[in-house]
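# Secondary and tertiary structure notes
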Amino acid sequence: RIHSEPFAPKFYVQFYRLFVTNYTVSFLINFYSKVSTMKFNTALLALAAVGSAAAFAPSTPAFTRQSTAVGMSVLDSTTGQASLDPAVKARYDSLPFPEDKILAEYVWVDAAGNTRSKTRTLPASKGESVASLPKWNFDGSSTDQAPGDDSEVILKPQRIFADPFRPRADGLNNILVMCDTWTPAGDALETNTRAKAMEAFEGQDDEEVWFGLEQEFTLFNLDQRTPLGWPEGGMPSRPQGPYYCSVGPENSFGRDITEAAYKACLYAGIEISGTNGEVMPGQQEYQVGPCVGIDAGDQLMMSRYILQRVCEDFQVYCTFHPKPIVEGDWNGAGMHTNVSTKTMREEGGLETIKQAIYKLGEKHAEHIAVYGEGNELRLTGSFETASIDDFSFGIANRGASVRIGRDTEAEGKGYFEDRRPSSNCDPYLVTGKIMDTIMGPEAPEIAPLNKDQA
């Protein structure tokens, strides 16, 4: 029996060691029986509390690391809900920023077409224009954009957006900076598709080409296998149809994420013009534009960055894959690209639109080559797509490669929609290629699909 108080600290150390080395509960109870009745009852209650908490705690995969923070658990990989305490984060978010400094998040596109970023502190005056922003660099060997023995890649700022993730109330903006990538010698990297697109837009300012980009995406649980709204390991009980532009908990999945990204893009200064739920459950869309020339690519790429940051907060996996679900009768995901030049918007512009479409048809294979990876899974001739092998156009026909809207036909001017680009396409390559083609030489006429097929 233990009677003296000086012995108590040694006793508790013994208890702790026994507990953390996973001795059985019965052994602990026997050990405690040697203690006074009061101490036994207190310790047993504490042990029961720990056991109850463990019984209801989520199971942890074997490959994950245990958190060292008290009260933290591994983020659930199936529910899409974060276990991080928002009150803790709010404590740091409430700290004021220095009045003479801003945070600049430099964003660029890596070798795989994904966005990456890192942050630097700058004098507030540097954020007033692109010209005043300094160049920066990063380790290109870690992004497959440079070899390890000559890994420095230069970031050139090209476009400034307000940072929706670090708002401040002092009249200044922290900023997101869209950059492209260069060698220290001043050459554009092979993966710098923005520089390639700029070549197509140079000298075409008079045409004031507008682009409207419809970005589709699919939201998954963190298992990366189960779209939002789908049963784990299965498919929805209803076919597609009720989910497009839908309302109700049985139809709409991911609205909060789309709404959050929508507001964040507006705050950033992106010309986001709308959103809607798409045909497949868990699939969403937003539209960017109209934007002029190269700015369409800048805004679309930054909108993808913002969307991924929002999904990071919601702990939901977002994919731009054009056909994330290949089993069953489900739509793929695209980035339909609406195009209008100044001439197309003027009286008689419909004829200019048709001439542009003929040119696109003559270079169909060249466009498909830069319209995204995995597009052959999507462009099958079914599910509101044309065949990847054949070019076609029609009035209001969503089964054609290129669509002319009924309003454009009726007014004799307006725009056309290229429906071939996939959701994971590079917007710089797409807009640059379209500009290069429609400003090129004339092409033979192509017969339209029958309007009755619309």
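Every residue gets a number counted from 1 within its own chain, in the order that chain's sequence is written. Totals for whole chains, interfaces and linings use every residue, but because this is a predicted model, local features are given only for residues with pLDDT of at least 70 and side-chain atom pairs only at 80 or more, for both listing and counting. Processing note: side-chain calculations cover all non-hydrogen atoms of the structure and skip hydrogens and water entirely.

## Digging into the overall build of the protein
The cut-off we apply is this: The way it works is that DSSP assigns letters per residue, a run of H or I at least four long becomes a helix, a run of E at least two long becomes a strand, and they are numbered from the N terminus. Contact definition: two residues touch when any of their heavy atoms are within 4.5 Å.
When helices and strands are tallied, the protein shows twelve helices and 13 strands. Within the protein, counting contacts between residues at least 6 apart in sequence, those at least 24 apart form 65% of the total.

## Quick look at the pairing of strand E8 (residues 283-292)
Every other side chain in a regular strand lies on the same face of the sheet, so the side chains alternate between the two faces. Operational definition: Here's how the labels work: a residue is buried when its accessible area is under 20% of the maximum for its type, exposed when over 50%, partly exposed in between, all with a 1.4 Å probe on protein chains only. Should DSSP find at least two bridges between two strands, the strands are regarded as paired.
Counting buried residues along E8, eight of its ten residues qualify, which places the element largely inside the surrounding structure. Looking at chain direction, strand E6 (residues 210-220) and E8 are connected through eight bridges and run antiparallel. Directly across from Trp210, in E8, lies its bridge partner Val292. Direction of pairing for strand E7 (residues 272-277) relative to E8: antiparallel, over a ladder of five bridges. Its bridge partner lying in E8, Asn276 is registered against Glu285. A loop of five residues connects E7 with E8, the two strands running antiparallel in sequence, and Gly282 in this loop sits at a positive phi of about 90 degrees.

## Some details on the sheet that holds strand E4 (residues 152-162)
The line we're drawing: What counts as an axis is a line fitted to C-alpha atoms, over the stretch in contact for a helix, and the angles between N-to-C directions run from 0 to 180 degrees.
Spatial strand order, E2-E1-E5-E4-E3: five strands in an open sheet with mixed pairing. In the strand order of this sheet, the two ends are held by strand E2 (115-123) and strand E3 (136-139), each with one partner. Mean inter-strand twist for the sheet, computed between neighbouring axes without regard to direction, equals 40 degrees. Pairing of E4 with strand E5 (residues 175-182) involves eight bridges; the strand directions are antiparallel. Across the sheet, Phe161 pairs through a bridge with Leu176, a residue of E5.

## Examining the nonpolar core
Put simply, the rule is: By convention a nonpolar core is built from buried Ala, Val, Leu, Ile, Met, Phe, Trp, Tyr and Cys residues, the set being connected through side-chain atoms within 4.5 Å.
Ranked by size, the top nonpolar core spans 68 residues in total, and within it Ile270, Met302, Ile306, Leu307 and Phe416 carry the most contacts. Among the elements that take part in this core, helix H7 (residues 295-314) stands out by supplying nine residues, more than any other. Not counting residues within four places of it along the chain, the set of residues in contact with Phe416 comprises Thr337, Asn338, Val339, Met344, Ile353, Ala356, Ile357, Leu360, Val402, Arg403 and Ile438. Formed by 17 residues, the second largest nonpolar core is a distinct cluster that contains Ala104, Trp108, Ala146 and Leu189.

## Focus on the packing of aromatic side chains
Threshold: Pairs were defined over the aromatic rings of Phe, Tyr and Trp, the Trp ring being its six-membered one, requiring ring centres within 6.5 Å. Orientation was assigned from the angle between planes: stacked under 30 degrees, edge-to-face over 60, tilted for the rest. By definition here, charges over rings are those cases where NZ of Lys or CZ of Arg is within 6 Å of the ring centre and within 35 degrees of the ring normal.
Using the criterion set out here, one finds seven aromatic pairs in the structure. With 5.2 Å between their ring centres and 80 degrees between their planes, Tyr106 and Trp136 make a pair best called edge-to-face. Within this pair, whereas Tyr106 is found in strand E1 (residues 101-109), its partner Trp136 is found in strand E3, the two being separated by 30 residues in sequence. Residue classification places Trp136 among the buried positions, given a relative accessible area of 18%. Pairing Phe217 with Tyr286 gives two aromatic rings, centres 5.9 Å apart and planes at 50 degrees, and the pair type is tilted. Of this pair, Phe217 sits in strand E6 while Tyr286 sits in strand E8, and the two are 69 residues apart along the sequence. Among the residues examined, Phe217 registers a relative accessible area of 1% and is labelled buried. Here Lys118 stacks its cationic end above the ring of Trp136, 4.2 Å away from the centre of that ring. Positioned over the ring face of Trp136 is Arg120, at 4.8 Å from the centre of the ring.

## Regarding the packing of helix H6 (residues 255-268) against H7
Note the threshold: Orientation is classified from the angle alone, with under 35 degrees giving roughly parallel, over 145 giving roughly antiparallel, 65 to 115 giving roughly perpendicular, and any other angle giving oblique. Should the near helix be turned counterclockwise from the far one by less than a right angle, the crossing is left-handed, whereas a clockwise turn marks it as right-handed. Note on residue classes: Ala, Val, Leu, Ile, Met, Phe, Trp, Tyr, Cys and Pro are nonpolar, Asp, Glu, Lys and Arg are charged, and everything else, Gly too, is polar.
Direction vectors running N to C along H6 and H7 enclose 135 degrees, while the axes themselves pass 9 Å from each other. Taken as axis vectors, H6 and H7 run oblique relative to one another. Once H6 is placed against H7, the crossing between them reads as right-handed. Of the residues in H7, those touching H6 at Asp256, Ile257, Ala260, Ala261, Ala264, Cys265 and Ala268 are Ser303, Ile306, Leu307, Val310, Cys311 and Phe314. Of the residues assigned to the contact of H6 with H7, the class counts are eleven nonpolar, one polar and one charged.

## Things to note about unusual backbone geometry
Across the junction of Gly289 and Pro290, the peptide omega takes the value 5 degrees, indicating a cis bond. In the Ramachandran plot, Gln224 falls in the positive-phi region, its phi being about 65 degrees despite a non-glycine side chain. For Gln224, the position within the fold is in the loop between E6 and H6. Of the residues examined, Gln224 reaches a relative accessible area of 47% and is grouped as partly exposed. The backbone of Cys245 shows a phi angle near 50 degrees, a positive value even though the residue is not glycine. By secondary structure assignment, the location of Cys245 is in the loop between E6 and H6.

## A short note on the environment of Glu445
Summarising the element assignment, Glu445 is placed in the segment after helix H12 (427-438). Exposure remark for Glu445: the relative accessible area of 64% places this residue in the exposed category.

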